[in-house]
Amino acid sequence: MTRSFSLPRSRDDDPDRGRWLPVPEGHRQSGPGSLEIDDAMPCRLIRRSETLHRLFDSELAASEYRATGSADWLLRSERSALGVVSGKRIREFAAGRACARHALGSLGHSAVALPPLPDRRPCWPSDVVGSISHTRGFSGAVVASTRTHRAVGIDVEVAVAVTPDVWSYVLTTKEQERLEAVADPAARQSLAAICFSAKEAFYKCQYTLTQRWLDFHDVAVEIDTLQRDEGAFQLRCSVELPELGGTMPIWSGRYQRLGPWVFTGVALRR
Ligand SMILES: CC(C)(COP(=O)(O)OP(=O)(O)OC[C@H]1O[C@@H](n2cnc3c(N)ncnc32)[C@H](O)[C@@H]1OP(=O)(O)O)[C@@H](O)C(=O)NCCC(=O)NCCS
């Protein structure tokens, strides 16, 4: 089935317009494996992300980009670690890395290479935790100091892309029952997407500390209310995760709905 939705095509279509900020200064690094990012970074449209920032109550930096990335933005070590992949994947990866560097700049970090580790998570500077997500029309990253945060996870999805045929795979029986009780198809779709996205955000957050793979049915999500375009959710994980503190069986996070997207964030503070 063909699905259609509209994405912001220009700054004028953008509900956040007027909040565009310049790329922070100091995006230069010299030494082996680096390149002069200022010259290779025509991504002036990367900006502080109000949307991602609103997912968190805390002092972290968030950046976003709503167009196509460019392979030119990658540092040598990042490009080589990515290996042989499609052009689309390179552009997506580059947009995420550029957002991450922008956010790191806001925290006062100079531009560093963020090659992927063998398990695919980014290799952040030792005093930083962060998370990257990308989907059609949107890439974003959040970063925080390890002084304030143990881990952070974000996820963005195009709501209609979380189609009913995957619901039984990604949602628990209880979550599916709650969906069935929602009469409005658009609200049902939105609820499913938030649930799915919350699990992905939680997965990234917990993985930072546990390096543990989780099944979608290991995590149950409860959303406070879907009446508003933003709100909170709780997560329960049926797998013991002692690395997260053991005595904390319920985690919470926040969601946002904006245009075609749903955004979720989960943070573990110190
Ligand atoms: C890692 C995963 C969560 C990525 O989610 P996605 O919706 O496909 O893609 P997103 O764009 O949102 O996120 C991808 C980014 O997450 C980051 N990432 C990848 N693996 C990660 C991990 N193990 N931990 C933390 N972050 C990770 C990377 O930065 C990646 O982007 P990059 O490769 O361009 O650097 C997902 O593909 C996955 O492997 N899931 C594992 C199983 C699972 O989801 N279990 C159920 C959840 S409870």
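First things first, this report covers the structure right here in the doc.

Rules behind the numbers
- Each chain has its residues counted from 1, following the order in which its sequence is written.
- With pLDDT at 70 or above as the cut-off, local features in this predicted model cover only qualifying residues; side-chain atom pairs require 80 or more to be listed or tallied, and sums for whole chains, interfaces and linings still use all residues.
- Nearness here is judged by the C-beta atom: place it from the backbone, and if it falls within 6 Å of a molecule or strand, the residue counts as near that partner.
- Every helix listed is a DSSP run of H or I at least four residues long, and every strand listed is a run of E at least two residues long, numbered separately from the N terminus.
- Charged means Asp, Glu, Lys or Arg here, nonpolar means Ala, Val, Leu, Ile, Met, Phe, Trp, Tyr, Cys or Pro, and polar covers whatever is left, Gly included.
- Throughout, the edges of the domains are those of an automatic or database domain assignment.
- We call a set of buried Ala, Val, Leu, Ile, Met, Phe, Trp, Tyr and Cys residues a nonpolar core when their C-beta atoms link them within 7 Å.
- Counting other C-beta atoms within 10 Å of its own, a residue is labelled buried from 20 upward, exposed at 12 or fewer, and partly exposed in the gap between, with every C-beta atom placed from the backbone.
- Residue pairs are scored as contacts if the distance between their C-beta atoms, which are placed from the backbone, is within 7 Å.
- At least two DSSP bridges between two strands are required for those strands to pair.
- Angular values range over 0 to 180 degrees, each being the angle between N-to-C directions of two axes fitted as lines to C-alpha atoms, with helices fitted over their stretch in contact.

## Here's the deal with the site of the ligand
Inference 1: Residues in close proximity to the ligand total 20 residues, the closest being Ile132, Ser133, Tyr203, Lys204 and Tyr207.
Inference 2: For the shell around the ligand, the elements supplying multiple residues, two or more each, are α3 (87–106), β3 (128–135) and α6 (185–210).
Inference 3: Here the residues of the shell around the ligand are counted per class, giving 10 nonpolar, three polar and seven charged.
Inference 4: Shared between two domains, the shell around the ligand holds at least three residues of each, these being domain 1 (25–146) and domain 2 (155–269).

## Looking at the nonpolar core
Inference 1: Membership of the largest hydrophobic core comes to 61 residues, with the highest contact counts inside it found for Cys99, Ala103, Val142, Val143, Ala198 and Phe202.
Inference 2: Counting residues per element, this core draws most heavily on α6, which supplies 11 residues.
Inference 3: When we break this core down by domain, the ones giving at least three residues each are domain 1 (25–146) and domain 2 (155–269).
Inference 4: Every residue in contact with valine 142, bar those within four places of it in the chain, is listed here: Leu52, Leu60, Ala61, Ala62, Ala103, Gly130, Ser131, Val152 and Ile154.

## Details of the sheet that holds strand β4 (residues 138–145)
Inference 1: In space, the four strands of this open sheet follow the order β1-β2-β4-β3, with antiparallel pairing throughout. A strand with exactly one partner marks an edge of an open sheet, and here the two such strands are β1 (47–48) and β3.
Inference 2: Strand direction decides the pairing type here: β3 and β4, joined by eight bridges, are antiparallel. Pairing of valine 129 across the sheet is with alanine 144, part of β4.

## Quick look at unusual backbone geometry
Inference 1: Despite not being glycine, arginine 120 has its phi angle at roughly 90°, a positive value.
Inference 2: Checked against the element boundaries, arginine 120 lands in the loop between α3 and β3.
Inference 3: Even without glycine at this site, glutamine 211 takes up a positive phi of about 50°.

## Points about the environment of lysine 204
Inference 1: Inspection of the secondary structure puts lysine 204 in helix α6.
Inference 2: The buried category is assigned to lysine 204, around which 21 C-beta atoms lie within 10 Å.

## Topic: the sheet that holds strand β5 (residues 149–158)
Inference 1: Read across the open sheet, the five strands follow the order β5-β9-β8-β7-β6; overall the sheet is antiparallel. One side of each edge strand has no neighbouring strand; the edge strands of this open sheet are β5 and β6 (219–223). The mean inter-strand angle of the sheet, taken between neighbouring strand axes irrespective of direction, is 25°.
Inference 2: Pairing analysis gives nine bridges linking β5 to strand β9 (residues 261–269), with the strands arranged antiparallel. Each residue of the ladder has a partner; that of aspartate 155, found in β9, is threonine 264.
Inference 3: Helix-sheet contacts for α6 involve β5, β6, β7 (230–237), β8 (250–258) and β9, and the interaxial angle to β5 is about 150°.

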